[in-house]
Amino acid sequence: MHQSIVRLDNPCALADFLRITLGLSSQERVSALVDRVFHRMDDHTKQTMFSFFKKKPPPAPAVAPLAETGASPASLTPTPPSPAPPRFPGPGNGGSLIGSALVIPIDIPEPPAAPPERQKWVDKLKASLGKTAGSISGVFGGSVIDEALYESLEDALLMADTGVPATQYLLTELRRKVKDSGVTHPIALKNILIALLTELLQPLQKPLVIGEHRPTVIMVAGVNGAGKTTSIGKLTRHLSEHGASVLLAAADTFRAAAREQLSIWADRNLVEIISQEGGDPAAVSFDAVSAGKARGKDVVLIDTAGRLPTQLHLMEELKKIKRVIQKAGDSPVAAGLTQGNPSHSIGMPPHEILLVIDGNTGQNALTQVRAFDDALTLTGLIITKLDGTAKGGVIAAIARERPVPVYFIGVGEKLEELETFNAREFAQALLG
Ligand SMILES: Nc1nc2c(ncn2[C@@H]2O[C@H](COP(=O)(O)OP(=O)(O)OP(=O)(O)O)[C@@H](O)[C@H]2O)c(=O)[nH]1
Ligand SMILES: [Mg+2]
């Protein structure tokens, strides 16, 4: 641990100081140190420690504890992340370092090490978004901050699917912070951009809560081939691994292949499935919620058929599925009255309505979020296929224009290639 005395005016000056005076070459290390000094606690360290999904303490007395099912509550209750503090607090706004005459000792810590499993994931994410990161970070290769740099950055962000509103927001804020802080080096500019993007993405970082209701009913929707069934399979595996019992519902009743695909996931994960040849997807969903309750399942995952937002009759069908699931929550069977436990309510399902988006669809992903959110009031997103040709910037567009939480992101077809979304990790992976 190295200790030195510096005089500071702002985070950007600190970043410059760390990079130039101490000769720190690593972008992430500089960012980590700036964060450390300004926020006292590094959110990256905290976020990487939380596990796949979380369970809120059940609101007694209505909810039975998971322990009754033999599941370990500890496995479902990692510490929730506290909201990130503002990246650049204004003068007198808690930023003890901000003030022109402050002279303080700075402990220079080693960069926080992510747990090995999470680090593996972060590396995979970085590799997946490497192309985008390469073209954005190339912008900061020069030695001065000038108009040409801002223009190249604008182009690079637009090319990364960030969209006009988010790009303009980031550039305006960036110019303002550069002006306020007086930084002159492009690397310091990049640090500010990482901090700004993290701040923009932060509202999307939210854990999926499992266990508040029993069962927690999760309805999954999206366009054809987005990765709904695969993501349900991956989620089922994670839930099972954490001791939660899962019931799958094949509400994609149109295609036999769709039912078979979900059955394979059910077999693989040794979980039960409610499926029906042909018939009404809303009826299958109703049956699944009822069965989930009667069988004491922790989670019911409902897979729906793919559809385009422009197929209005299919969007209407989706609304009907939601309405019928809501009714299942009120019904005696679903409410547990048949088990002689009238107080055991599951509230108003579906507790989660997730939209699965293919990360390769670029700005069209935002259109999908808007359309499905208007129709269903989404509670969360799963963004798949961020490996391959996906550029990743669309998450910033979503954050700016329709900030629905991103519960998970997928970077591959394998079971383990679905993970929680972390704003800071993502910002760093995207910006290189
Ligand atoms: N590379 C990659 N492929 C994925 C990912 N998630 C899903 N896939 C693949 O995407 C294809 C479609 O996945 P499905 O899960 O069948 O998609 P779906 O949304 O259920 O499709 P429909 O039910 O037909 O609407 C499959 O080949 C999956 O293996 C991912 O994160 N990365
Ligand atoms: Mg499917």
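Residues numbered from 1 in each chain as written. Chains lettered and ligands numbered in written order. Predicted model: local features only at pLDDT ≥ 70, side-chain atom pairs only at ≥ 80, totals over all residues.

S.K.: Looking at this structure, how should I read the environment of Asn224?
M.R.: Looking at the secondary structure, you find Asn224 in the loop between strand S3 (216-222) and helix H10 (228-241). Judged by C-beta crowding, with 11 C-beta atoms within 10 Å, Asn224 ranks as exposed. Counting along the chain gives 80 residues from Asn224 to Thr304, while the straight-line C-alpha distance between them is 10.0 Å. (Helix = DSSP H or I, 4+ residues; strand = E, 2+ residues; numbered from the N terminus. Buried ≥ 20, exposed ≤ 12 C-beta atoms within 10 Å, placed from the backbone.)

S.K.: Can you walk me through the site of ligand 1 in this structure?
M.R.: The local shell around ligand 1 holds 21 residues, among which Gly227, Thr229, Thr230, Gly306 and Gly410 are the closest. By residue number, the principal contributor to the shell around ligand 1 is H10, which donates three residues. Tallied by class, residues from the shell around ligand 1 come to four nonpolar, eleven polar and six charged. (Near = placed C-beta within 6 Å. Nonpolar A, V, L, I, M, F, W, Y, C, P; charged D, E, K, R; others polar.)

S.K.: I keep staring at the packing of helix H6 (residues 130-137) against helix H16 (residues 423-431) and nothing clicks. Help me out?
M.R.: Helix packing geometry: the angle between the two helix axes and the distance between the axes. Running from amino to carboxyl end, H6 crosses H16 at an angle of 70°, the nearest separation of the two axes being 6 Å. One way to sum up the angle between H6 and H16 is to call them roughly perpendicular. Only Ala429, Leu430 and Leu431 of H16 make contact with H6, whose side of the interface consists of Thr132, Ala133, Ile136 and Ser137. The residue inventory of the contact of H6 with H16, partitioned by class, reads five nonpolar, two polar and no charged. (Axes fitted to C-alpha atoms, helices over the stretch in contact; angles between N-to-C directions. Parallel < 35°, antiparallel > 145°, perpendicular 65-115°, else oblique. Contact = placed C-beta atoms within 7 Å.)

S.K.: Can you help me understand the sheet that holds S3 in this one?
M.R.: Two orientations exist for strands paired in a sheet by backbone hydrogen bonds: parallel and antiparallel. Pairing is mixed across the open sheet formed by eight strands, whose spatial order is S5-S4-S6-S3-S7-S8-S9-S10. Two strands in the sheet have a free side with no partner beyond their single neighbour: strand S5 (272-274) and strand S10 (418-420). Going across the sheet, the axis of each strand differs from the next one's by a mean of 25°, ignoring polarity. Where strand S8 (residues 380-384) and strand S9 (residues 406-410) come together, three bridges link them in parallel fashion. Each bridged residue has a counterpart across the sheet, and for Ile383 the counterpart in S9 is Ile409. (Pairing = 2+ DSSP bridges.)

S.K.: Quick question: what am I supposed to make of the pairing of strand S6 (residues 299-304) here?
M.R.: Across the six residues that make up S6, a large majority, six, are buried. Two strands pair when backbone bridges link them, and S3 and S6 are joined in this way by five bridges, in the parallel orientation. Bridge pairing in S6 links Val220 to Asp303. As judged from the six bridges shared by strand S4 (residues 246-251) and S6, these two strands associate in the parallel manner. In the sheet register, Leu248 faces S6, and the bridge partner there is Leu301.

S.K.: Can you walk me through unusual backbone geometry in this structure?
M.R.: With the exception of glycine, the majority of residues adopt a negative phi angle, and the majority of peptide bonds are in the trans configuration. The step from Arg214 to Pro215 runs through a cis peptide bond, and the omega angle for that step is 5°. Of note, Pro215 is situated in the loop between helix H9 (186-201) and S3. Going from Pro349 to Pro350, the amide bond is cis rather than trans, its omega being -5°. Examined against the element boundaries, Pro350 turns out to sit in the loop between helix H13 (312-330) and strand S7 (352-358). Here Asp161, not a glycine, exhibits a phi torsion of approximately 75°, which is positive. Within the secondary structure, Asp161 is located in the loop between helix H7 (147-159) and helix H8 (164-181). At Lys385, a position not held by glycine, the phi torsion is positive, near 55°. For Lys385, the position within the fold is in the loop between S8 and helix H15 (394-401). For Lys385, a count of 24 C-beta atoms within 10 Å translates into the label buried.

Just distances and angles here, no functional claims.
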